[in-house]
Amino acid sequence: MMAEYVTGHGEHIPDELLSAYLDGDVEDEQTLVRIDAHLAQCRDCREALGELRALVRLLGDLPEPAVPRSFALTPEMVQPANVVPGPWFVRFQPALRWATAAAAVLLVLVLGADLALHQPGGQESASEVQIMMADGEAGGAATAGRAAADAATEAAEANAATTAEQSSPVPEAAAPPAPAAGPASPEAAGAQVETFDTPATAGSEAEASRDAPVDQAAEPFAATQEADGPNIWRLAEAVLALVVLWLLVATFALPRLRERRG
Amino acid sequence: MIAAARNGDLAAFNTLVARHERAVYGVALRLLRDPEAAEDVTQDTFVRAHAALDQFVGGSARSWLLRIATNRSYDVLRYRRRRPAESLDARPVEEEPVWAVETPPADPEAFATRQELSARLEAALAMLTDDQRVAVVLYDVQGYSYEEIANLTGATLGTVKSRIHRGRARLRELLRQDPRSRELLGEASRQHSGDESA
């Protein structure tokens, strides 16, 4: 901008350029020469330069204003508690993120270990398949639950033809929704009781109706209704799933909700 | 004094506040043109300074405080720019702040002239754009370098220079629009060149 200036005849130097000249900020040699030459013969521009110089000086000497009040700090102002830190889910945001990731990894590990340890392949009775159906229907809210029910139906059909070994897809298909179905398991048990007109509890029925001494460890799905052994796995998975869910809400949903509310 | 304040002596810190509050409030008021907002920034500056005493590595306490105040004021300006409607509503009617609190020097007449011109210059400063005013106040009033202003405002060096020069040109134009201001400016200019030749 400054270097582009060309002084024509009878044309004054713009104030902006004079201001730059005042600061020694005009680097272009030719422009500098032209400004000097113009100033030597133009009284108006000398006056403008003088006024700009006075202006800069005045700015540097401007008095400081009177303060409307004292700004001395009171003890309350310097207390750390005075700093509003925001709600807990904002304060512990980084820790919450890590905890969510850790809990999710743990859940996957537990699920993986469960599947690996409790390889399916044992024989299953018709009642167990029916239990699965009942459970699948009860937890039917989830699509995964539906998938389990479908798989169970298929399994039931297969079972009707023969009491031969159950195909492995059933427990595998049923395993993933287990955590989600976890909280609903009492309902599932209830549904099961309604379905079967037996006075026995869900667990004991599953136990009693078993026509072969099936290895419990080989029955990940039926374990929902069992009282010991793999039940611990179900419980751990359900608890972990709840923890992950809660952490997800605390880490992502709550801060967003708060932001939206302003 | 800073060492005492660092050890938890609030009275020592408040001595620092009393010494620099005018300068801090002054820069906030010039940048924001809003006494209420300037008050908030000033108080906030001292609270922050107190909390960050450990980070003060030495040097001038005044420039350290002014830097905090300038940064906070610029934050407010940026915030206003993002929400212009809201800030216009919030901005109080321009009231004339009390600027001059100097002790009169030996030459009362020259002092009175300068007082009057200073008040008019403040009014003209308030009429610049935010960008020009920030650049001129920081450069000419506070004595910041081009680089410091560029860092603070996120503008290029060329833009900063251009804002300063345009701002000054506009100030002169504004002062010359009023006959009395024009007369006072001419007087100050002659007085200044008189000082130099002497």
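Residues numbered from 1 in each chain as written. Chains lettered and ligands numbered in written order. Predicted model: local features only at pLDDT ≥ 70, side-chain atom pairs only at ≥ 80, totals over all residues. Heavy atoms only, no water.

A few points about the overall build of chain A
Assigned secondary structure in chain A consists of 13 helices and zero strands. In sequence order, the secondary structure elements of chain A are arranged as α-α-α-α-α-α-α-α-α-α-α-α-α. Across chain A, the fraction of contacts at a sequence separation of at least 24, relative to all contacts at a separation of at least 6, is 65%. On chain A, roughly 14500 Å² of surface is accessible, and the fraction owed to carbon and sulfur atoms is 61%. (Helix = DSSP H or I, 4+ residues; strand = E, 2+ residues; numbered from the N terminus. Contact = heavy atoms within 4.5 Å. Areas by Shrake-Rupley, 256 points an atom, 1.4 Å probe, with all protein chains shown as cover.)

Here's the deal with the confidence of the model for chain A
Residues and elements named next belong to chain A. Confidence along chain A averages 69 in pLDDT terms, with 51% of residues attaining 70 or more. Element-level mean pLDDT values for chain A span from 42 in helix α10 (residues 178–181) up to 95 in helix α1 (residues 15–22). Note that pLDDT drops below 50 for residues 122–149; the model gives that stretch 55 contacts with residues more than four away or on any other chain. The low-confidence segment residues 155–214, where pLDDT is below 50, has 68 contacts with residues more than four positions distant or belonging to other chains. (pLDDT = per-residue confidence, 0-100.)

Comments concerning the packing of α1(A) against helix α3 (residues 43–60) of chain A
All names here are of chain A. Packing of α1 against α3 brings their axes to within 10 Å, and their N-to-C directions diverge by 60 degrees. By the criterion of interaxial angle, the relationship of α1 to α3 is oblique. The two elements α1 and α3 meet at a crossing, and its hand is right-handed. Residues Asp15, Leu18, Ser19, Tyr21 and Leu22 of α1 pack against Cys45, Ala48, Leu49, Leu52, Arg53 and Val56 of α3. (Axes fitted to C-alpha atoms, helices over the stretch in contact; angles between N-to-C directions. Parallel < 35°, antiparallel > 145°, perpendicular 65-115°, else oblique. Left-handed = near helix turned anticlockwise from the far one by under 90°.)

Some words on the packing of aromatic side chains
The way to describe two aromatic rings as a pair is by their centre distance and the angle between their planes. Scanning all chains against the criterion turns up five aromatic pairs over all chains. Chaining the aromatic ring pairs together yields one cluster made of A:Trp88, A:Phe89 and A:Trp246. (Phe/Tyr/Trp six-rings, centres within 6.5 Å; stacked < 30°, edge-to-face > 60°.)

Section: the side chain of A:Gln93
Residue and element names in this part refer to chain A. Note that Gln93 resides in helix α6 (residues 93–117). Judged by relative accessible area, which is 14%, Gln93 ranks as buried. Non-local contacts of Gln93, meaning those with residues more than four positions away in its chain, are made with Thr251 and Pro255. (Buried < 20%, exposed > 50% of the residue type's maximum accessible area, 1.4 Å probe, protein only.)

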